[in-house]
Amino acid sequence: MAELLPQELRVLVAVAERGGFSAAAASLGLTQSAVSHSVRGSEAKLGAVLFERGRTGASPTPAGERAVGHARRILRLYEVMGAEARGAGGAAAPAALDGVLRIAAFRSAALHLLPPALERLTARHPGIRPEVRVVRELGAGAAGEVAAGRADLGIATLGVAQGLPPGLLSGVLVEEAYALVHPAGHPDPKALPLMDWDENCGSYTRTWWLAQDWIPRATVKAEDDAMVLTMVGRGLGMAIMPELSLREATGAVDVTGLGPEGPVRRVGYVTTPESAATLAVRALIRELRAVSG
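Residues numbered from 1 in each chain as written. Predicted model: local features only at pLDDT ≥ 70, side-chain atom pairs only at ≥ 80, totals over all residues. Heavy atoms only, no water.

Draft legend 1. How the structure looks around the overall build of the chain. Of the regular secondary structure elements, the chain holds 12 helices and 11 strands. Referenced to the eigenvectors of the C-alpha coordinate spread, the extents of the chain come out at roughly 70 × 60 × 30 Å. In the chain, which comprises 293 residues, the proportion classed as buried is 45%. Counting contacts in the chain only where the partners sit at least 6 residues apart, residues at least 24 apart contribute 73% of the total. Entry remark: accessible area of the chain is about 14,500 Å², with carbon and sulfur atoms responsible for 54%. Taking the average location of the 30 positive side-chain charges in the chain and that of its 30 negative ones, the two points are 5 Å from each other. (Helix = DSSP H or I, 4+ residues; strand = E, 2+ residues; numbered from the N terminus. Buried < 20%, exposed > 50% of the residue type's maximum accessible area, 1.4 Å probe, protein only. Contact = heavy atoms within 4.5 Å. Areas by Shrake-Rupley, 256 points an atom, 1.4 Å probe, with all protein chains shown as cover. Lys, Arg positive; Asp, Glu negative; His and termini not counted. Charge placed at Lys NZ, Arg CZ, Asp CG, Glu CD.)

Right under this line is the structure:
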């Protein structure tokens, strides 16, 4: 199989991100026919149809999604190779780390795990410029951003039912216990409706719930954990929440531990094998472990 050239990879990424050949051509300064020819050539080399063509544009097929993810990751390695080569010192001098470091994380991890690690990282390596994107931990979540080549490292929940996308590396940073949070001073919080949100990783709490002899009389959905805390503080319900989310709890709520049999959530980093070998990602993982230990 013939290898795809860097320009062919850029065309694939542009078509996927712009949603069509014309828009991709405009963004790359090429003609539409040149983009179409490049995509057809890439499909012939890979032996797969990469895009569904339609009147409204082009969208990646499952094979195209995988190809575009690999294309982003390969192009990113070209950038990192240049940055690390430029930063390399002499034989006695360590390499200077600089350039953009792309990170994806769910909201509470971005608020509480990343800042101290990034503070330490940028103090040691002022040339690193972190770019943090907060993503909802639904479906592919932060790990999916890494697999798709849009992030060098993700902070994600580990051990959930859907597992990680294939080919990624991960490591646990914290194991956080869930607790019952309810309106401050409420005499019978278990009688309140259960507040929940889609990112609450039900796979962590499902077994625990099955072992309980009480069932909430109602479930109220909220957009995210911050909204859940606000609504609980207003007396609208109670919730079972992980420790990272409860760091934002105010005096309007009380927090009650669930004991040694309570559910525990694992949160960790996710990256690709090639990114794990880069100096900046390795440095970030060291700082994340240092502040999480």
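Draft legend 2. Focus on helix α9 (residues 225–233). Listed in full, the buried residues belonging to α9 are Asp-225, Val-228, Leu-229 and Val-232. Each buried residue of α9 lies within a common arc of 95° when the element is viewed along its axis, so the set occupies one face. A distance of 3.2 Å separates the backbone nitrogen of Ala-226 from a side-chain oxygen at the start of α9, and that oxygen is part of Asp-224. A positive phi of about 85° marks Gly-235, the residue just after α9. (Arc of directions from axis to C-beta. Polar contact = N/O pair within 3.5 Å; in protein donor to acceptor, adjacent residues only side chain to side chain.)

Draft legend 3. Layout of the nonpolar core. Grouped together as the largest cluster of nonpolar side chains are 26 residues, with contacts concentrated most on Leu-101, Leu-153, Ile-155, Leu-284 and Leu-288. Taken together, the elements giving at least two residues each to this core come down to β3 (98–105), α5 (107–112), α6 (114–124), β5 (153–158), β6 (169–183), β11 (264–271) and α12 (279–292). The leading source of residues in this core is α12, at six residues. What Leu-284 contacts, discounting residues up to four positions off in sequence, is Leu-101, Ile-103, Ala-117, Leu-118, Leu-121 and Leu-153. If you look at the next biggest cluster of nonpolar residues, it comprises 19 residues, including Leu-4, Leu-12, Ala-14 and Leu-50. (Core = buried A, V, L, I, M, F, W, Y, C linked by side-chain atoms within 4.5 Å.)

Draft legend 4. Here's a closer look at α12. Between its terminal C-alpha atoms α12 stretches 20 Å, which fits the 20 Å expected from 14 residues at 1.5 Å a residue. If you check which residues of α12 are buried, you get Ala-280, Val-281, Ala-283, Leu-284, Ile-285, Glu-287, Leu-288 and Ser-292. (Expected span 1.5 Å × (residues − 1).)

Draft legend 5. A look at empty space enclosed by the protein. This model, assessed by the stated rule, comprises one cavity of 30 Å³ or more. In this structure, the largest cavity occupies an estimated 90 Å³ of space. Surrounding the largest cavity, Phe-106, Arg-107, Ser-108, Glu-137, Thr-157, Trp-197, Glu-199, Asp-224, Asp-225, Ser-245 and Arg-265 form its lining. Residues of the lining of the largest cavity, tallied by class, amount to two nonpolar, three polar and six charged. (1 Å grid on protein atoms, 1.4 Å probe; cavity = no way out; pocket = protein on both sides within 12 Å on 5 of 7 lines; lining within 4 Å. Points joined across faces, edges and corners; volume = space filled by probe spheres on them. Nonpolar A, V, L, I, M, F, W, Y, C, P; charged D, E, K, R; others polar.)

Draft legend 6. Highlighting the packing of aromatic side chains. Under the defined criterion, the tally for this structure stands at three aromatic pairs. With a centroid separation of 6.5 Å and 90° between ring planes, the pair formed by Phe-21 and Phe-51 is classed as edge-to-face. Taken together, the residues span a long stretch of sequence, with Phe-21 in helix α2 (residues 21–28) and Phe-51 in strand β1 (residues 51–54) at a distance of 30 residues. Taken as a pair, Phe-21 and Phe-51 share a single burial class, namely buried. Ring centres 5.0 Å apart and planes at 70° place the aromatic pair Trp-208 and Trp-209 in the edge-to-face group. Of the residues examined, Trp-208 reaches a relative accessible area of 10% and is grouped as buried. (Phe/Tyr/Trp six-rings, centres within 6.5 Å; stacked < 30°, edge-to-face > 60°.)

Draft legend 7. Highlighting the environment of Val-253. Residue placement: Val-253 occurs in strand β10 (residues 253–257). Sequence separation between Val-253 and Thr-207 is 46 residues, and the spatial gap between their C-alpha atoms is 25 Å. Sequence-distant contacts of Val-253, defined by excluding residues within four places in its chain, comprise Val-181, His-182, Pro-183, Ala-184, Leu-229, Val-232 and Gly-233.

Draft legend 8. Summary view of the packing of helix α1 (residues 6–18) against helix α3 (residues 32–46). With their axes 9 Å apart at the nearest point, α1 and α3 run at an angle of 110° to one another. Of the possible angle classes, the one that applies to α1 and α3 is roughly perpendicular. For the pair α1 and α3, contact is made by Glu-8, Val-11, Leu-12 and Val-15 and by Val-35, Ser-38, Val-39, Ser-42 and Lys-45, respectively. In terms of residue class, the contact of α1 with α3 is made up of five nonpolar, two polar and two charged. (Axes fitted to C-alpha atoms, helices over the stretch in contact; angles between N-to-C directions. Parallel < 35°, antiparallel > 145°, perpendicular 65-115°, else oblique.)

Draft legend 9. Structural context of the pairing of strand β9 (residues 239–242). By the alternation rule, side chains of β9 split into Ala-239 and Met-241 and Ile-240 and Pro-242, which are all buried. Sheet analysis places β6 next to β9, joined by four bridges and oriented antiparallel. Looking across to β9, one finds that Leu-180 is bridged to Ile-240. (Pairing = 2+ DSSP bridges.)

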